[in-house]
Amino acid sequence: MTSMTSTSSSPWHFFGYFLDHRSQDLSWLWTHAWLSVVPVIIGLLIALPLGWLSRRYGWLYPPMVSITGLLYTIPSIALFVLVPPLLGLSSLNPVQVPIALTVYSVALLVRVVADGLASVPDEVNQAATAIGYGGVRRLFAVELPIAVPVIAAGLRVATVSNVSMVAIAGTIGMSNLGQLFQLGKDLSTPTAYYPPIVLGIVLCVLLALVLDGLIILLTRVLTPWRRAVPSR
Amino acid sequence: MIGQVFSWLTDSAHWTDTPIDTGIATQLLAHIRFSLIAVGIAAAIALPLGLLIGHTRRATFLVAGANALRSLPSVGLLVLLTVLIAPHFYGRTDIGYVIPTEIVLVLLAVPPILSNTYAGVDNVSPAVTDAAKGMGMTERQILFGVELPCSLPLIFSGLRSATLQVIATATIASFVPLGGLGRFIYDGLQQQDYPQMISGGVLVAALAMAADLLLALIQRSVVSRGLSGRFSRAVVVTSTSERTEVEAG
């Protein structure tokens with residue numbers, strides 16, 4: 001644990017605290033960002049084929065949605081500690097958190113992908129087929145781009161909730177912004193010491209806002225035709 | 001490891017209280033108590049507010065504001081409020097830890113209930129409310145006799161996701177340190193007793209699923225069959241044909 005170089009314990013001193021422990025805090029922020037983003041990307045890559053399957057074969061949709069919904073009922077901290085024994089890893093393995101978060105992302109996104117593909121109007125699909133787009137090419141060139149807004153909405157939910165869940169992993173010893181809360185709690189035993197706690201909250205909220213903004217921006221880039229349409 | 005977890009969970013000594021350790025039964029009840037209080041308070045705030053906002057379509061910024069709360073990290077808020085509040089109750093009871101925990105849990109539970117209740121009322125087709133008005137129903141009758149029943153499916157989905165989040169986050173209450181099923185996770189971690197830690201995870205997951213199932217069953221019995229579409233096969237056929245006729249005409 002780093003020594004308390006700053007003496008002020010005021011909640012507003014968090015920026016001074018950040019400057020004093022810059023390299024440590026930045027490395028936690030960096031890990032936190034990776035842990036929030038990578039599981040969503042892997043989750044999306046897994047959810048795309050599953051979502052497509054449950055759209056293509058309608059009878060798959062209800063079981064797929066109930067299974068993923070069931071996965072989503074497992075509290076995050078429970079899933080963190082359940083992943084190692086289920087996969088035969090050692091307890092407190094560095095990959096247990098990304099694996100658990102990937103499971104959540106898949107659980108959330110399968111339904112989103114299926115609903116997104118379902119939001120593509122039938123006329124559009126028929127028109128695409130009529131001008132010679134078949135199977136896979138129609139999926140990637142027509143259906144997925146049109147489903148982007150719906151999928152992006154799901155990605156935003158998954159990413160923002162990941163930021164909060166990664167912080168929870170910090171309380172069971174994982175190295176990320178959650179450590180600031182652990183640190184603040186430990187330093188507050190005789191008298192309250194706010195700076196690391198407030199800094200942790202501020203950095204988590206900023207990270208969530210930035211990631212959310214990035215997804216919104218990416219959605220705009222990927223759907224230029226939505227801007228070409230005059231607003232209603 | 002799975003065998004060890006199973007034997008930890010089935011060891012009756014772990015279920016009852018001893019002078020040193022609190023057993024599973026007590027912690028389970030504590031966990032349920034925290035969660036019920038939080039969901040109860042949140043529903044008492046968010047349900048009437050959501051109905052009102054949805055019915056009058058005013059002050060919708062409240063819904064957006066509540067949704068912005070979701071990006072707050074719950075652990076951070078919990079630690080902050082504990083450090084802030086707990087010293088004032090030092091040495092007396094655990095109320096100094098209960099209050100911050102309940103505040104965080106209520107803050108978590110309000111947004112899903114509020115936004116779903118609002119969306120539920122907002123989504124009721126204007127044709128339906130117009131028909132109710134035409135039949136001479138008062139605003140109050142429309143709200144409670146038409147809009148509320150029609151928005152029940154969405155209200156329940158909000159209640160269910162709020163309950164799941166509360167049960168999940170009540171686990172973290174043990175981090176500050178309070179009772180509840182999270183005790184086993186954090187104690188197991190500290191004592192490097194991994195079967196205990198994993199058993200804690202199993203218990204929380206089981207409680208969450210049981211609560212969700214219970215709410216699903218209540219939803220099934222409360223929501224009108226006209227909305228959920230759970231009819232016997234014969235009725236489905238007539239009702240869909242009627243619906244298409246109405247739409248065509």
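What you see is a predicted model, and the numbers here were worked out from it, not measured in a lab. (Residues numbered from 1 in each chain as written. Chains lettered and ligands numbered in written order. Predicted model: local features only at pLDDT ≥ 70, side-chain atom pairs only at ≥ 80, totals over all residues. Heavy atoms only, no water.)

Draft legend 1. View of the overall build of chain A. The helix and strand inventory of chain A stands at 10 helices and zero strands. Written out in order from the N terminus, the α and β elements of chain A read α-α-α-α-α-α-α-α-α-α. By principal-axis analysis of the C-alpha atoms, chain A measures approximately 70 × 45 × 25 Å. Within chain A, the proportion of its 232 residues that are buried is 48%. Across chain A, contacts joining residues at least 24 apart in sequence account for 73% of those joining residues at least 6 apart. Per element, the accessible surface of chain A, about 11,400 Å² overall, is 70% carbon and sulfur. Charge-centre separation for chain A: the mean point of 12 positive side chains lies 9 Å from the mean point of 8 negative side chains. (Helix = DSSP H or I, 4+ residues; strand = E, 2+ residues; numbered from the N terminus. Buried < 20%, exposed > 50% of the residue type's maximum accessible area, 1.4 Å probe, protein only. Contact = heavy atoms within 4.5 Å. Areas by Shrake-Rupley, 256 points an atom, 1.4 Å probe, with all protein chains shown as cover. Lys, Arg positive; Asp, Glu negative; His and termini not counted. Charge placed at Lys NZ, Arg CZ, Asp CG, Glu CD.)

Draft legend 2. Seen up close, the packing of aromatic side chains. All names here are of chain B. Taken as a whole, this structure holds six aromatic pairs over all chains when the rule is applied. Plain terms: the ring middles of Trp8 and Phe184 are 5.5 Å apart, the flat faces sit at 70° to each other, and that makes the pair edge-to-face. One end of the pair, Trp8, is in helix α1 (residues 2-10); the other, Phe184, is in helix α8 (residues 182-190), and 176 residues separate them in sequence. Overall, the relative accessible area of 9% leaves Trp8 in the buried class. Relative to Tyr186, the ring of Phe175 lies with its centre 5.6 Å away and its plane at 40°, an arrangement referred to as tilted. In this pair, Phe175 is assigned in the loop between α7 (139-170) and α8 and Tyr186 in helix α8, connecting sequence segments 11 residues apart. (Phe/Tyr/Trp six-rings, centres within 6.5 Å; stacked < 30°, edge-to-face > 60°.)

Draft legend 3. Main features of the pattern of salt bridges. Summed over all chains, the structure comprises six salt bridges over all chains. Across the salt bridge formed by Glu143 of chain A and Arg138 of chain A, the nearest N and O atoms sit 3.2 Å from each other. (Salt bridge = Lys/Arg side-chain N within 4 Å of Asp/Glu carboxyl O.)

Draft legend 4. Just the interface of chain B and chain A, in detail. Each side of the interface is counted separately: chain B has 32 residues, and chain A has 30 residues. Regarding the contact of chain B and chain A, the summed buried area is about 2,800 Å², with carbon and sulfur atoms giving 83% of it. Ranking the residues of chain B by area buried against chain A places Pro73, Val83 and Phe175 of chain B at the top, with a combined share of 19%. Listing elements by their share of the side of chain B that touches chain A, those giving two or more residues are α4 (74-85), α7, α8 and α9 (194-222) of chain B. For the side of chain B that touches chain A, the leading source of residues is α9 of chain B, giving 10 residues. Of the residues assigned to the side of chain B that touches chain A, the class counts are 26 nonpolar, five polar and one charged. (Buried area = accessible area lost by both parts, 1.4 Å probe. Nonpolar A, V, L, I, M, F, W, Y, C, P; charged D, E, K, R; others polar.)

Draft legend 5. Representation of the environment of Ile85 of chain B. Residues and elements named next belong to chain B. As for its placement among the helices and strands, Ile85 is situated in helix α4. For Ile85, a relative accessible area of 15% puts it in the buried group. Setting aside residues up to four positions removed in sequence, Ile85 forms contacts with Gly96, Ile99, Pro100 and Ile103.

Draft legend 6. Region of the structure containing the packing of α7 of chain B against α9 of chain B. Residues and elements named next belong to chain B. The N-to-C vectors of α7 and α9 enclose an angle of 165°; their axes lie 10 Å apart at closest approach. As summarised for this structure, α7 and α9 are arranged roughly antiparallel, according to the angle between their axes. By crossing handedness, the relation of α7 to α9 is classed as right-handed. Between α7 and α9, the residues in contact are Leu152, Pro153, Phe156, Leu159, Arg160, Thr163, Leu164 and Ile167 and Val204, Leu207, Ala208, Ala211, Asp212, Leu215, Ala216, Ile218, Gln219 and Val222, respectively. For the contact of α7 with α9, the per-class residue count stands at 14 nonpolar, two polar and two charged. (Axes fitted to C-alpha atoms, helices over the stretch in contact; angles between N-to-C directions. Parallel < 35°, antiparallel > 145°, perpendicular 65-115°, else oblique. Left-handed = near helix turned anticlockwise from the far one by under 90°.)

Draft legend 7. View of a nonpolar patch on the surface. All names here are of chain B. Nonpolar side chains collect at one region of the surface, where Ile37, Ile41, Ile45, Leu49, Phe61 and Leu62 lie side by side and expose about 520 Å² of accessible area between them. Listing elements by their share of the nonpolar patch, those giving two or more residues are α2 (24-56) and α3 (61-68). With four residues, the top contributor of residues to the nonpolar patch is α2. (Patch = residues over 30% accessible without salt bridge, like charges linked within 9 Å, V, L, I, M, F, W, Y side chains within 5 Å.)

Draft legend 8. How the structure looks around the nonpolar core. In this structure, Phe80 and Phe181 of chain A are the most contacted members of the largest nonpolar core, which totals 76 residues. The element that contributes the greatest number of residues to this core is helix α9 (residues 195-222) of chain A, accounting for 10 residues. With residues up to four places along the chain from it excluded, the contact list for Phe80 of chain A reads Gln96, Val97, Ala100, Leu101, Met165, Ile168, Ala169 and Ile172 of chain A. Core analysis: the next-biggest nonpolar cluster, separate from the first, contains 23 residues, Ala46, Ile113, Ala162 and Val166 of chain B among them. (Core = buried A, V, L, I, M, F, W, Y, C linked by side-chain atoms within 4.5 Å.)

Draft legend 9. Up close: unusual backbone geometry. Residue and element names in this part refer to chain B. Of note in this structure, Ala59 is not a glycine but carries a positive phi near 55°. In this structure, Ala59 sits in the loop between α2 and α3. The exposure class assigned to Ala59 is partly exposed, which follows from its relative accessible area of 31%. Although it is not a glycine, Gln192 adopts a positive phi angle of roughly 50°.

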